[in-house]
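Below, each chain spelled out in residue letters.
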Amino acid sequence: MRLIILIAPLLFACGITNQSARVISINSQASTCEGFKELAKIKAIGYQQDTVDYCTAEKLRWKYSDSSKVLSFLHTRNKQNCGAKLEMAVTKNGETYVIEERDNGNSLSNCLCYFDTYCEVPNVEKTSIVVNIESQNYNLDLSTENGVVVIDTTHTWPCLGRL
């Protein structure tokens, strides 16, 4: 017990307990199981995607506005436990933008589902950046204003019969 009393102030002093202070993204949204519906994607967050290609790959779709300096990310076909309550967050590690999906739920289901997650990063004033998602780095040329990164092309349930 005495050891815990001595260590706890050190943890608070080092900032280990406050990981959210490093988050630089805003407007996090997560779909329910089976992803955002087509109209919700278009109306809510301005992304248009061909739902026919949804099952072909897990993708990170991004858009950049040079005028507003806002970079937005849409991660599609992210397979998670059906009971997940996802939140997408972006942090910076040096010059690398690190995308994380956090499960803020406290229940597990006996199934897997595909989710989509979305967030925005304000005040991005670069022409190219490095993004890390699922432990992989990708170079994004923001001068093109939008793009798609293919993360995984493995076809698993529930997309097995939909190709």
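Let us look at the structure shown here.

What counts and how
- Numbering of residues starts from 1 in each chain and follows the order in which that chain's sequence is written.
- Predicted model: local features are reported for residues with pLDDT of at least 70 only, side-chain atom pairs are reported and counted for 80 or more only, and whole-chain, interface and lining totals are derived from all residues.
- The side-chain numbers reported here are obtained from all heavy atoms of the structure, hydrogens and water having been left aside.
- At least two DSSP bridges between two strands are needed for those strands to be called paired.
- Runs of H or I in DSSP of at least four residues are treated as helices and runs of E of at least two as strands, each being numbered from the N terminus.
- Axes here mean lines fitted to C-alpha atoms, for a helix over just the part in contact, with angles spanning 0 to 180 degrees between N-to-C directions.
- In what follows, a contact means two residues having at least one pair of non-hydrogen atoms within 4.5 Å.
- Distance and chemistry together define a polar contact, namely a pair of N or O atoms within 3.5 Å, with one atom able to donate a hydrogen and the other to accept it when in protein, and with adjacent residues in sequence counting only for side-chain atoms on both sides.

Bringing the sheet that holds strand 6 (residues 112-121) into the picture now. Taking strand neighbours across the sheet as the criterion, the five strands line up as 1-6-3-2-9 in an open arrangement whose pairing is antiparallel. Of all strands in the sheet, those bounded by a partner on one side alone are strand 1 (26-30) and strand 9 (146-152). Strand-to-strand, the axes of this sheet are offset by a mean angle of 15°, without reference to chain direction. Pairing geometry for strand 2 (residues 58-65) and strand 3 (residues 70-81), over seven bridges, is antiparallel. What sits directly across from leucine 60, in strand 3, is histidine 75.

It is a general feature of regular strands that their side chains alternate between the two faces of the sheet. As defined by bridge partners, strand 4 (residues 86-93) adjoins strand 5 (residues 96-103) across eight bridges and the pair is classed as antiparallel. Bridge pairing links alanine 89 to glutamate 100 in strand 5.

Below, the discussion takes up the environment of tyrosine 64. Structurally, tyrosine 64 can be placed in strand 2. Taking the C-alpha atoms as reference points, tyrosine 64 and serine 143, 79 residues apart in sequence, are found 8.1 Å from one another. When near neighbours in sequence (up to four residues on either side) are disregarded, tyrosine 64 contacts Lys69, Val70, Leu71, Val124, Glu125, Lys126, Leu142 and Glu145. Of note is the side chain of tyrosine 64, whose polar atom sits 2.6 Å from the backbone oxygen of valine 124.

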